[in-house]
Amino acid sequence: MTHDDYVGRVTQYIKARADELAKFKEITSYHAGAYDQDEAWKSLDTYVCESESRRGVKMGQRNRVFYMALPPSVFIPVSKGIRKHVYAQDGVNRLIVEKPFGMDTASSNELGREIGALFKEEEIYRIDHYLGKEMVKNVMTMRFSNVFFNQVWDRKFIDNVQITFKEPFGTEGRGGYFDDFGIIRDVMQNHLLQVLSLIAMERPISTESEAIRDEKVKVLKCIPPVTIQDALLAQYVGANGKPGYLEDETLKNKKSRTPTFAALTLWVQNERWEGVPFILKAGKALDDGKVDIRIQFRNVAGSLYKGAPRNELVMRIQPKEAVYIKFNNKQPGLTYQTMQSDLDLSYHDRFTDLSIPDAYESLILDVLRNDHSNFVRDDELEAAWKIFTPLLHQIDKDSSIPLSTYPYGSRGPAELDEFVRKYGYDRSNANYTWPVQSVAPGQTKL
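Below you will find a few notes about this structure. Just so it is clear, the model here is predicted, and its values are computed rather than measured.

## Let's talk about the environment of L198
Then step 1. Turning to its location among the elements, L198 is positioned in helix α9 (residues 182-200).
Then step 2. Here L198 falls in the buried class, since its relative accessible area comes to 8%.
Then step 3. Sequence separation between L198 and L392 is 194 residues; the distance between their C-alpha atoms is 24 Å.
Then step 4. In this view, L198 contacts L131, V136, V139, M140, R143 and K216; residues no more than four positions away in its chain are not counted.

Here it is in structure tokens:
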């Protein structure tokens, strides 16, 4: 790869003004080398030292950030090469490690031990880009700065919580990679579990990074391993002119049972959340592309308005960030019927001149600021893997576990509605539409 090829690849998706992009290209350079050759690492160190000298970087301020967005199989040799040959002696070192952090508890712990022997924990930033998304970062603010949320955030008022991840496309050329991991390792063990931990954790003693991560670890340790009885697994098949998962040309195992969709129910066994199901749903080749959090509250005790739908708090993580509360309201006009409406905060409607930074942009800035709040700590990672590892091993070994199918472009497997219903989710508000709802006279009943 040439320098120009490299610059073209790393800048093709950057959203910035032309002058800003031109400045970025001017300070971007490329230096090639092999992972397993000491001479290549020495050459990189020489290259970086020359760049620091040319830019007039003072001794003691020659800080270096290393970002490993690489196949997990080379994490350890690359870490060793960095530590041995390119580690800054006259400045601060920070190592960003991109997921996946192993395949299960044992492999994750082994990776942690190897990297931990080379770098201090405060130098390591295990990045999960969902923690950099605007609405995920807003969870703590909403919970702990609003008295009306804080008072109802427990099992007495909340019936169930759903965290949903939907992609409208399949593996399509990435089947070879995806088949080694599956939807649970790819999305649920990391992205969705991180969101769950922010929803379920107790109030930290401060907003300092370690205080926040302490509480996340505590709540993860309250979650027992997921059981197969609390799981719905499925794989998409060809439909609407789109190929099925097993038809992906890059897929070697044409009899693969790797799930492309999963719905898993987790239970937080503590005083706040005992008995409240946390339903994680994730899938590829679905009917929509979105990520949201849906908190459904309990029915009103002794309600005067029979059949009134439950209240819900919905946080739309992507696309078009929004927070809205679904509540019951008198239907406008000559009627006393109730209808469901909402209190709606849609970011792009409410805020003018809005520019929400990309999640990675936000997280890399956190690295430069030495803020670990939105990065995964070693004990947090271990606690997360312990929740999923038994189920993952069971799926990998037991071919008798049911694996449903669903058409490309559908909502998911046919069993999904029944699955969420058995955990208490009430879809009685199915006629509600967001963000605009018709109250045409022909639909009004006296």
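## A few points about the nonpolar core
Then step 1. Core analysis: the largest hydrophobic core is formed by 98 residues, its most contacted members being I184, I199, L264, L266, F278 and F388.
Then step 2. Among the elements that line this core, the one with the most residues is α9, at eleven residues.
Then step 3. Apart from residues lying up to four places away in sequence, F388 is in contact with I184, M188, Q189, L193, V226, L264, L266 and L280.
Then step 4. In terms of nonpolar packing, the next biggest core, distinct from the first, is built from six residues, Y125, I127, L363 and F375 among them.

## So, the packing of helix α3 (residues 38-54) against helix α4 (residues 75-86)
Then step 1. The N-to-C vectors of α3 and α4 enclose an angle of 55 degrees; their axes lie 9 Å apart at closest approach. Between α3 and α4, the interaxial angle falls into the category oblique. Of the two elements, α3 crosses α4, and the hand of that crossing is right-handed. Judged by residue contacts, D38, W41, K42, L44 and D45 of α3 engage V78, G81, I82, K84, H85 and V86 from α4.
Then step 2. A class-by-class count of the residues in the contact of α3 with α4 yields five nonpolar, two polar and four charged.

Calculation criteria
Residues numbered from 1 in each chain as written. Predicted model: local features only at pLDDT ≥ 70, side-chain atom pairs only at ≥ 80, totals over all residues. Heavy atoms only, no water. Helix = DSSP H or I, 4+ residues; strand = E, 2+ residues; numbered from the N terminus. Buried < 20%, exposed > 50% of the residue type's maximum accessible area, 1.4 Å probe, protein only. Contact = heavy atoms within 4.5 Å. Core = buried A, V, L, I, M, F, W, Y, C linked by side-chain atoms within 4.5 Å. Axes fitted to C-alpha atoms, helices over the stretch in contact; angles between N-to-C directions. Parallel < 35°, antiparallel > 145°, perpendicular 65-115°, else oblique. Left-handed = near helix turned anticlockwise from the far one by under 90°. Nonpolar A, V, L, I, M, F, W, Y, C, P; charged D, E, K, R; others polar.

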